[in-house]
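Listed here are the chains, written in short residue letters.
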Amino acid sequence: MYNFFIDKTEFSSDTPSVSGADFNHVKNVLRLKVGDRFLVSCDGKSNLCEITAFSSDQVLLSVIEKDFLDTSLPIKISLFQGIPKTDKMELIIQKAVELGVEEIVPVEMKRCVVKIEDKKKKSKTDRWNAISESAAKQCKRSVIPSVLDVNDFSSAINYAKSFTHVIVPYESHNGMESTISTLKQIKSGDSVAVFIWPEGGFDDKEISLLKDALALIDQITLGALSTLHLSAIALSLQQDKAGYTTPVSGSNISLINASNKPIPLPLVSTTKSVHL
């Protein structure tokens, strides 16, 4: 089922509608007709809607069921990503959105190979947000995760102070038993900041800055970790906490909650669930 986003004012009207680029996509690309249904996400809620008519520039809808689908995680995960080289950031954003991350914070770190010029930062951020929106539509997220402006390391640390947990994967820490114990401390409703290094890894001074600035950071040991690996671990842990069970077969991962209602989740290209 297709998913589109509209703002709150459009949805609160008697006849919600889809317009702009999405109007063209619905009418001319997907070629949907009157009576076809799709999801309309607004203000963090996904609603089942049916096409009632087409105007010259709008798809007019009726709401069949409000709050039809909830794909939100019980925790807020923010990814603080050291900027990688080439176009890897785009893939990281896509997969992070599919795995349930609420926002992505691009961070300039000492060992970043790529240095983005100030005049190009806004256009980069705009493109990254467009990729986030596309991924959110594809995997039926009820919100579009934000990609914030590029932060220097100090600004990122200051922002991370507002989170319940700050997780820093670091190869020079204790073993996996400590890692599992750390992740199990995360509770429903918590906010989690996850710092991921660029290709060159963390500089030792950056780890020291994190320790000095934050009263408590959770260092975990995960060798050769990528953004996707840690997101999958955090997601898997929260699925267990929320009472979700095994993903069904197919490339699209779904979960079954306690009321036995299938919940399509942000997707990865695999048929296997991730377990700690």
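Here the structure is a predicted model, which means the values were calculated and not measured.

**Overview of the overall build of the chain**
Here is step 1: Scanning the chain from N- to C-terminus turns up eight helices and 14 strands.
Here is step 2: Counting over 276 residues, the chain shows a buried share of 47%.
Here is step 3: A fraction of 69% describes how many contacts in the chain between residues 6 or more apart in sequence connect residues 24 or more apart.
Here is step 4: Per element, the accessible surface of the chain, about 13,700 Å² overall, is 49% carbon and sulfur.

**Examining the packing of aromatic side chains**
Note on aromatic pairs: each is described by the distance of the centres and the angle between the planes.
Here is step 1: Tallying each qualifying case throughout the model produces seven aromatic pairs.
Here is step 2: With 5.8 Å between their ring centres and 40° between their planes, phenylalanine 80 and tyrosine 159 make a pair best called tilted. Taken together, the positions of phenylalanine 80 in strand E6 (residues 76-82) and tyrosine 159 in helix H5 (residues 153-160) put the pair 79 residues apart, joining distant regions of the chain.
Here is step 3: Judged by relative accessible area, which is 0%, phenylalanine 80 ranks as buried.
Here is step 4: With a relative accessible area of 27%, tyrosine 159 lands in the partly exposed category.
Here is step 5: Seen in terms of ring centroids, phenylalanine 153 and phenylalanine 195 are 6.1 Å apart; in terms of plane orientation they differ by 65°. Their pairing is edge-to-face. In this pair, phenylalanine 153 sits in helix H5 while phenylalanine 195 sits in strand E11 (residues 191-196), placing the two residues 42 residues apart along the sequence. A single burial state applies to phenylalanine 153 and to phenylalanine 195, both of which are buried.

**A few points about helix H4 (residues 118-138)**
Here is step 1: Taking 1.5 Å of rise per residue, the 21 residues of H4 would be expected to cover 30 Å, and the 31 Å separating its terminal C-alpha atoms lies within 8% of that figure.
Here is step 2: When H4 is considered as a whole, its buried residues turn out to be Lys121, Thr125, Trp128, Ile131, Ser132, Ala135, Ala136 and Lys137.
Here is step 3: Buried residues along H4 sit in contact with strand E1 (3-5), helix H2 (21-29), helix H3 (88-98), strand E7 (103-108) and strand E8 (146-147).
Here is step 4: Of the residues one or two after H4, lysine 140 is the one with positive phi, at around 65°.

**Here we look at the pattern of salt bridges**
Here is step 1: Inspection of the entire model under this criterion finds 14 salt bridges.
Here is step 2: Measuring nitrogen to oxygen at the nearest pair gives 3.8 Å for the salt bridge that ties aspartate 203 to arginine 111. Highlighted residues: aspartate 203 in the loop between E11 and helix H7 (204-213) and arginine 111 in the loop between E7 and H4, separated in sequence by 92 residues.
Here is step 3: Given the relative accessible area of 10%, aspartate 203 is considered buried.
Here is step 4: Note that lysine 122 and aspartate 126 form a salt bridge whose closest N and O atoms lie 2.9 Å from each other. Residue lysine 122 and its partner aspartate 126 are both found in helix H4; the two are separated by four residues, about one turn of the helix.
Here is step 5: In this structure lysine 122 comes out as exposed when scored by relative accessible area, which is 60%.
Here is step 6: Beyond isolated ion pairs, a larger network of salt bridges with shared partners links Asp22, Glu133 and Lys137.

**Structural notes on the side chain of arginine 141**
Here is step 1: You can see arginine 141 is positioned in the loop between H4 and E8.
Here is step 2: In this structure, arginine 141 is buried with no salt-bridge partner, the nearest side chain bearing the opposite charge being glutamate 102 at 6.0 Å.
Here is step 3: At 3.2 Å, the side chain of arginine 141 and the backbone oxygen of valine 101 are in polar contact.

**Some words on the pairing of E11**
Here is step 1: Burial analysis of E11 places six of its six residues in the buried class, the great majority of the element.
Here is step 2: The alternating pattern of E11 places Ser191, Ala193 and Phe195 and Val192, Val194 and Ile196 on opposite faces, both of which are buried.
Here is step 3: The pairing of E6 with E11 spans six bridges and is parallel. The residue of E11 that forms the bridge with serine 78 is alanine 193.
Here is step 4: Pairing of strand E10 (residues 165-169) with E11 involves three bridges; the strand directions are parallel. Bridge pairing links isoleucine 167 to valine 194 in E11.

**With respect to H3**
Here is step 1: For H3, the set of buried residues is Met89, Ile92, Ile93, Lys95, Ala96, Val97 and Glu98.
Here is step 2: With its phi angle positive at about 100°, glycine 100 sits one or two positions after the end of H3.

**What to know about the sheet that holds strand E5 (residues 58-69)**
Pairing between the strands of a sheet comes from backbone hydrogen bonds, and it takes one of two forms, parallel or antiparallel.
Here is step 1: Pairing is mixed across the open sheet formed by five strands, whose spatial order is E1-E3-E4-E5-E2. The strands lining the two open edges of the sheet, one partner per strand, are E1 and strand E2 (17-19). Adjacent strand axes in the sheet meet at a mean angle of 45° when their direction is disregarded.

**Looking at the state of the cysteines**
Note on terminology: disulfide describes a covalent bond linking the sulfur atoms of two cysteines.
Here is step 1: Throughout the structure, instances matching the rule amount to zero disulfides.
Here is step 2: Between cysteine 49, a cysteine without a disulfide, and cysteine 42, which holds the nearest cysteine sulfur, the sulfur-to-sulfur distance is 9.7 Å.

Rules used throughout
Residues numbered from 1 in each chain as written. Predicted model: local features only at pLDDT ≥ 70, side-chain atom pairs only at ≥ 80, totals over all residues. Heavy atoms only, no water. Helix = DSSP H or I, 4+ residues; strand = E, 2+ residues; numbered from the N terminus. Buried < 20%, exposed > 50% of the residue type's maximum accessible area, 1.4 Å probe, protein only. Contact = heavy atoms within 4.5 Å. Areas by Shrake-Rupley, 256 points an atom, 1.4 Å probe, with all protein chains shown as cover. Phe/Tyr/Trp six-rings, centres within 6.5 Å; stacked < 30°, edge-to-face > 60°. Expected span 1.5 Å × (residues − 1). Salt bridge = Lys/Arg side-chain N within 4 Å of Asp/Glu carboxyl O. Lys, Arg positive; Asp, Glu negative; His and termini not counted. Polar contact = N/O pair within 3.5 Å; in protein donor to acceptor, adjacent residues only side chain to side chain. Pairing = 2+ DSSP bridges. Axes fitted to C-alpha atoms, helices over the stretch in contact; angles between N-to-C directions. Disulfide = S-S within 2.5 Å.

Geometric values such as these leave the question of function open.
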